[in-house]
Amino acid sequence: MEAKQSSIVTNEVYTLKEGQFYLPTWGVIVVLIIALLTLKTFIYIKDEKRHGK
């Protein structure tokens, strides 16, 4: 039985160009967590009625 080649996934692999920015997966996760925490601090509103909730 012969495997069919998908029209979405190909066997071609492209290498990074010289000077092209590269960030590993763990780096993307760290950046996203920092962005989430930063946005949370901007969005959070202190309200006496909520008692810090």
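1. Quick notes on the overall build of the protein chain
The number of helices and strands found in the protein chain is one helix and zero strands. Relative to its 53 residues, the protein chain shows a buried fraction of 2%. Looking at the protein chain as shown, the accessible area adds up to about 6200 Å², and 64% of this sits on carbon and sulfur atoms.

2. Regarding a nonpolar patch on the surface
Among the surface-exposed residues, Phe 21, Leu 23, Val 28, Val 31 and Leu 32 lie close enough to one another that they form a single nonpolar patch of about 490 Å² accessible area. If you trace the backbone, Val 31 turns up in helix H1 (residues 25-43). Given a relative accessible area of 47%, Val 31 falls into the partly exposed group.

3. Focus: H1
The end-to-end C-alpha distance of H1, which contains 19 residues, comes to 27 Å, matching closely the 27 Å that a straight helix rising 1.5 Å per residue would cover. Burial runs low along H1: only one of the 19 residues are buried.

4. Comments concerning the environment of Thr 38
Mapped onto the secondary structure, Thr 38 falls in helix H1. On the basis of relative accessible area, Thr 38 is assigned to the partly exposed category, the value being 36%.

The rules behind these values
Residues numbered from 1 in each chain as written. Predicted model: local features only at pLDDT ≥ 70, side-chain atom pairs only at ≥ 80, totals over all residues. Heavy atoms only, no water. Helix = DSSP H or I, 4+ residues; strand = E, 2+ residues; numbered from the N terminus. Buried < 20%, exposed > 50% of the residue type's maximum accessible area, 1.4 Å probe, protein only. Areas by Shrake-Rupley, 256 points an atom, 1.4 Å probe, with all protein chains shown as cover. Patch = residues over 30% accessible without salt bridge, like charges linked within 9 Å, V, L, I, M, F, W, Y side chains within 5 Å. Salt bridge = Lys/Arg side-chain N within 4 Å of Asp/Glu carboxyl O. Expected span 1.5 Å × (residues − 1).

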